[in-house]
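Breakdown of the fold
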Amino acid sequence: MRDLQEELRTIRKQLRLSMNGVTSTSMREKGVTYKLNFGVSYPEIKEIALQHEPDADLAEALWAEDVREFKILATLLRPADSFSKEEAMRWVREIPYLEIAEHCARNLFARLPYRELLALELVGDATDRFARTVAFLLWTALFKQGERLQASHAGLFLDAAMRVVAEPGSDTRLGERLAAVQALKYYGRGPEEAARQVLDRFEPLLAAADESAETQEIYNELKFEFEYYR
């Protein structure tokens with residue numbers, strides 16, 4: 001029978017052996033504060049995850065702790081087949097920092113059978129701090145895996161991404177904006193039609209009298225990206 005507390009103690013010992021005080025101090029100085037942060041690198045965290053069997057109870061126990069590495073391990077060790085959309089939405093609400101949002105999207109949410117629907121639901125939530133960011137990070141992960149969206153979902157994705165791009169920049173939404181641009185990049189790396197769809201969405205913005213230099217810069221960046229990958 002699995003001893004959950006013993007396994008948590010083992011993981012804590014493994015992390016302590018790999019701890020990096022310089023990294024954790026640097027993160028704390030940048031405002032990333034956890035009850036406990038070992039400063040362990042992601043490759044080392046992945047190695048520790050490989051030494052433990054994926055398990056829902058273990059992942060939930062790890063996620064519940066205010067420990068940076070525990071939360072990252074939770075995204076690696078949570079089986080996707082039993083992870084409901086309600087649980088996914090709860091995890092999104094409990095994300096403390098952008099780094100954890102990135103790991104949730106890449107390590108766990110991208111493996112879910114309802115991943116497209118989850119992204120669409122999250123992108124419609126403008127109240128949660130990380131919901132829309134996670135949606136764009138999730139789409140980016142899917143596009144990197146070579147997945148393409150069905151036409152109706154693609155239209156909703158493009159509309160949502162362009163709304164974020166068109167919003168005035170702000171520090172509070174910077175991560176969301178960057179995630180949207182990244183998702184547009186990987187979407188446009190697909191068929192030539194996809195790149196054309198992205199660039200065409202910019203035409204009304206670029207033609208507007210109040211068109212910002214930032215919007216033009218994003219357009220130029222995407223155009224160069226698509227031409228480079230053709």
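An account of the accompanying structure is given in this report. On a predicted model such as this, the values are computed, not experimentally measured, just so you know. (Residues numbered from 1 in each chain as written. Predicted model: local features only at pLDDT ≥ 70, side-chain atom pairs only at ≥ 80, totals over all residues. Heavy atoms only, no water.)

What follows deals with the overall build of the protein. In terms of regular secondary structure, the protein is built from 13 helices and 0 strands. When the elements of the protein are put in sequence order from the N terminus, they spell out α-α-α-α-α-α-α-α-α-α-α-α-α. The C-alpha radius of gyration computed for the protein amounts to 19 Å, which stays within 12% of the reference 17 Å derived for 230 residues, consistent with globular compactness. Its C-alpha atoms put the protein at 60 × 40 × 35 Å along the principal axes. Taking the contacts inside the protein whose residues are at least 6 apart along the sequence as the reference set, 70% of them involve residues at least 24 apart. (Helix = DSSP H or I, 4+ residues; strand = E, 2+ residues; numbered from the N terminus. Rg over C-alpha atoms; globule rule 2.2 N^0.38 Å. Contact = heavy atoms within 4.5 Å.)

Moving on: the side chain of T215. Turning to its location among the elements, T215 is positioned in helix 13 (residues 213-228). For T215, a relative accessible area of 7% puts it in the buried group. Every residue in contact with T215, bar those within four places of it in the chain, is listed here: F202, L205 and L206. (Buried < 20%, exposed > 50% of the residue type's maximum accessible area, 1.4 Å probe, protein only.)

Here a ring pair, both rings aromatic, is described through the centre-centre distance and the interplanar angle of the planes. Applying the stated criterion across every chain, the model contains 11 aromatic pairs. Among the aromatic residues, ring-to-ring pairing joins F136, W139, F143, F157 and Y187 into one connected group. Over the ring of W63 we find K71; its NZ or CZ atom is 4.6 Å from the centre of that ring. Stacked on the ring of F143, the Lys or Arg R148 has its end atom at 5.7 Å from the ring centre. (Phe/Tyr/Trp six-rings, centres within 6.5 Å; stacked < 30°, edge-to-face > 60°. Lys NZ or Arg CZ within 6 Å of the ring centre and 35° of its normal.)

Let us look at the packing of helix 10 (residues 151-166) against helix 12 (residues 192-207). Direction vectors running N to C along helix 10 and helix 12 enclose 40°, while the axes themselves pass 11 Å from each other. With respect to each other, helix 10 and helix 12 are oriented oblique. The two elements helix 10 and helix 12 meet at a crossing, and its hand is right-handed. Together, G155, L158, D159, M162, V165 and A166 of helix 10 and Q197, V198, R201, F202 and L205 of helix 12 make up the contact between the two elements. Of the residues belonging to the contact of helix 10 with helix 12, the class tally is 7 nonpolar, 2 polar and 2 charged. (Axes fitted to C-alpha atoms, helices over the stretch in contact; angles between N-to-C directions. Parallel < 35°, antiparallel > 145°, perpendicular 65-115°, else oblique. Left-handed = near helix turned anticlockwise from the far one by under 90°. Nonpolar A, V, L, I, M, F, W, Y, C, P; charged D, E, K, R; others polar.)

This paragraph deals with the environment of R115. Here R115 is to be found in helix 8 (residues 115-123). Separated by 24 residues in sequence, R115 and W139 place their C-alpha atoms 8.7 Å apart. Setting aside residues up to four positions removed in sequence, R115 forms contacts with F109, A110, L138, L142 and E147.

By the definition in use, this model includes 16 salt bridges. Residue R90 pairs with E60 through a salt bridge whose shortest N-O separation is 3.0 Å. Of the two residues, R90 is situated in helix 6 (residues 85-93) and E60 in helix 4 (residues 56-64); the sequence distance between them amounts to 30 residues. Look at R90 and you get partly exposed, because its relative accessible area is 24%. Judged by relative accessible area, which is 21%, E60 ranks as partly exposed. (Salt bridge = Lys/Arg side-chain N within 4 Å of Asp/Glu carboxyl O.)

What follows concerns the environment of F202. Along the polypeptide, F202 turns up in helix 12. Judged by its relative accessible area of 0%, F202 is buried. For the pair F202 and E102, spaced 100 residues apart in sequence, the C-alpha separation works out to 26 Å. Residues in contact with F202, not counting those within four places in the same chain, are M162, V165, T215, I218, Y219 and L222.

This paragraph deals with a nonpolar patch on the surface. On the surface, F224, Y228 and Y229 cluster together into a nonpolar patch covering about 400 Å² of accessible area. Within the secondary structure, Y228 sits in helix 13. (Patch = residues over 30% accessible without salt bridge, like charges linked within 9 Å, V, L, I, M, F, W, Y side chains within 5 Å. Areas by Shrake-Rupley, 256 points an atom, 1.4 Å probe, with all protein chains shown as cover.)

Just distances and angles here, no functional claims.
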